[in-house]
Every structure is written in structure tokens, then in C-alpha cells.
Amino acid sequence: MWSFSAWRRQRTLAKHPISPELWRQVKHDLAILDALSADEEQRLQDGCILFLHSKHLSCLPGVELDDHGRLLLAAQAQLPLLHLEDLNWYQGFHEIVLYADDFLSPQRYRDASGVEHQWDGEHSGEAWQQGPVILAWSGVLASGGWEGYNLVIHELAHKLDMLNGDANGLPPLHSDMRVSAWASAMQQAYDDLNRQLDADPEADTAIDPYAAENPAEFFAVTSEYFFSAPDLLHAAYPQVYAQLQAFYRQDPLRRLNHLKQNHPDYRGSD
Ligand code: ZN
């Protein structure tokens, strides 16, 4: 449910229409939107208008956002919510801060002996509990293809995860899902990935080894793959794919397979 009342929602949609030409350009830049149905495209556009109306985009020096850039960001942010209309899933924040490029951010870690270590880590995105989402614009621009990388979806998956407390890899599941099935699928895959990296830190893993950092990153990275490399995720961890399919109520693998069947050279040779 949106925080807007229905009439306000309609008024916002009517006041801020997206021009067909602008939408065509954004779609051209975002291959992961290929093969959406006409109805889904319309709902995605509505979601973009409401998202841009309700979130404040703060641009740091070096980021010049025009309507195209704003829509490019919104469309990727809204894709995961396309079939999740029962809740205001991005209710936990109002601001998105955009850096031009990767940024330094203070990090803390307390080791087993209780000593706290602090350092500046280089990041392309962060999502703060009760705070903004921070994105490197260069990372947003590098997202949108079928390459297993999507900074926007990654950071916003953390926000979904934080809806029911700290980010721990368990977002609020739907009533037709079981926490035990989710936990079992995620844990097995997480353990498998960690086993491979323990045996060989340089192992050529099926998904980004960053997913092995902790369960929250595992959910964020597998969400990225779900939308941007569903074939790789499904081949490596089919049960994780099935849980994410139940959660997001979408089947990006079906979309990608459909595109490949109709265009054998779709997405190049990989
Ligand atoms: Zn993350």
C-alpha cells in the first residue's frame, strides 16, 4: 500500500507523465527491462513516477542529473517491486545520495580479541538502517545489463532486508512462503560458496564472491543476479532462485530465455 491516498496517487501520475521518447531511451539503456509485458511496463512507469515524487535525490559535485538519469535510476529501483504492490517496500528512507564515483566510507570491525579496527573503505554503494541509500553514479551507469551486476538493485535489496530489523538476509516473506525453506536454501548455497573460497580464495565462483561476506550480502548479491544474470544464479543455486522467484513474484529467467529464443545472438556470445 502506498502512503499516498488513491486520489493523490492518480493526481501525481497525471501531473508527471513520462514521455514515450524518454521511456524508449531508458529502455534502450536497460536490457533487463526487455521482455516485460505491456502491462508490466505501464506499472513500472507508474512506479517510477511515484518513486521520483517521494524520494529526494541529492547529487554531490560531479553528478548532473537530467530526466533521463532520474528515470534510469528509478526504473532499476522499481523493477524488483513490480509485483510487490501490497506494501510500501521502500518506506524506510527518503533520500538517495549520489556520488560521482566510488567513495570512501569509515568502516569498523571488532575482532575476536575485542580490538576495534577502523579504516576507510572504498564503496560504490551503501544502505543505512534508518538512513539514506548512497550510490556511485558511475555504478548506476554500469548497471542495467544482463551481466550479473546491478548496484541499484543490490543496495535496495539491503533496504528490503532492513524492513524487519537489521540486514540479515531475511526480508519480510509473504504469507505463502516458509522461513524454514528460505533459510535452508540460502544457508546451503552460502555454505557452498564459502567452502569454495575457503579451499581457494581465488576460486572462479559462479557468483560474485562478495556474496560470501555475510548473509545480508548473500541476499543482496543473489538479488542482483536474479534480475541481471538469472541463468547463472539458477544454474548454480536453483533453490535460491526459486525462493527469490517466490519473494519477488517474477521470473527473469523466463524473460531472458524468451529473448534468447527469439534472438539467438541476444546478449552476445555468453
Ligand atoms: Zn551490500
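Scoring rules and cut-offs
Residues numbered from 1 in each chain as written. Predicted model: local features only at pLDDT ≥ 70, side-chain atom pairs only at ≥ 80, totals over all residues. Heavy atoms only, no water. Helix = DSSP H or I, 4+ residues; strand = E, 2+ residues; numbered from the N terminus. Buried < 20%, exposed > 50% of the residue type's maximum accessible area, 1.4 Å probe, protein only. pLDDT = per-residue confidence, 0-100. Donors = N, O, S within 2.8 Å, 3.2 Å for Na, K, Ca; no water. Tetrahedral: all angles 85-135°; square planar, octahedral: opposite > 155°, others 65-115°. Arc of directions from axis to C-beta. Contact = heavy atoms within 4.5 Å. Salt bridge = Lys/Arg side-chain N within 4 Å of Asp/Glu carboxyl O. Phe/Tyr/Trp six-rings, centres within 6.5 Å; stacked < 30°, edge-to-face > 60°.

Any details on the environment of Pro209? Residues and values, ideally.
Assignment of secondary structure puts Pro209 in the loop between helix H7 (179–199) and helix H8 (215–228). On the basis of relative accessible area, Pro209 is assigned to the partly exposed category, the value being 39%. Measuring from C-alpha to C-alpha, the distance between Pro209 and Arg110 comes to 22 Å, with 99 residues separating the pair along the chain.

Give me the lowdown on the confidence of the model for the chain, citing residues and values where you can.
Overall, the prediction assigns the chain a mean pLDDT of 92, with 97% of residues at 70 or greater. Confidence, read as mean pLDDT per element, is least for strand E3 (residues 103–110) in the chain (74) and greatest for helix H10 (residues 238–248) (98).

A description of the coordination of the zinc ion should follow, citing residues and the corresponding values.
Donor atoms from the polypeptide that coordinate the zinc ion comprise His154 (NE2), His158 (NE2), Glu217 (OE) and Glu217 (OE), at 2.1 to 2.6 Å from the metal. Coordination at the zinc ion is irregular, judged from the four donor atoms that bind it and the angles of 53 to 145° they form at the metal. Each donor residue of the zinc ion belongs to the same chain, and together they define the spacing H-x3-H-x58-E. Taken together, the residues span a long stretch of sequence, with His154 in helix H6 (residues 151–161) and Glu217 in helix H8 at a distance of 63 residues.

Describe unusual backbone geometry, naming the residues involved and giving the relevant values.
Within the chain, Ala35 stands out as a residue other than glycine whose phi angle is a positive 75°. One can find Ala35 in the loop between helix H2 (20–29) and helix H3 (38–54). A positive phi angle, close to 60°, is found at Gln130, a residue other than glycine. Take Gln130: it is sitting in the loop between strand E5 (125–127) and strand E6 (133–136). Classification of Gln130 by relative accessible area gives exposed; the value is 72%.

Go over H10 with me, naming the residues and quoting the values.
Side chains three or four residues apart in an α-helix point the same way, a direct result of the helix having 3.6 residues per turn. Here H10 has its buried residues at Val240, Tyr241, Gln243, Leu244, Phe247 and Tyr248. Taken down its axis, H10 places every buried residue within 165° of arc, on the same side. Tucked into the core, H10 has its buried residues touching H6, H7, H8, helix H9 (230–236) and helix H11 (252–262). After H10 finishes, the residue Arg249 shows a positive phi value of roughly 55°.

An account of the pattern of salt bridges is requested, with residue identities and associated values reported.
On inspection of all chains with the given rule, the structure shows five salt bridges. For Arg24, the salt bridge identified is with Glu21, shortest N-O distance 3.0 Å. Residue Arg24 and its partner Glu21 are located together in helix H2, separated by three residues, close to a single helical turn. Each of Asp39, Arg43 and Glu85 takes part in a single network of salt bridges with overlapping partners.

Break down the packing of aromatic side chains for me, citing the residues and quoting the values.
Per the stated rule, a full pass over the model turns up 13 aromatic pairs. Geometrically, the ring pair formed by Trp182 and Phe247 is edge-to-face, given 6.0 Å between the ring centres and 70° between the ring planes. You can see Trp182 sitting in helix H7 and its partner Phe247 sitting in helix H10, a full 65 residues away along the chain. Its relative accessible area of 1% is what places Trp182 among the buried residues. Taking 6.2 Å as the distance between ring centres and 75° as the angle between the ring planes, the aromatic pair formed by Phe219 and Phe247 counts as edge-to-face. Here the residue Phe219 occupies a position in helix H8, and Phe247 occupies one in helix H10, the gap between them amounting to 28 residues. The same class applies to Phe219 as to Phe247, namely buried. Put simply, the rings of Trp89, Trp182, Phe219, Phe226, Phe227, Tyr241, Phe247 and Tyr248 touch in pairs and so form one group of aromatic residues.

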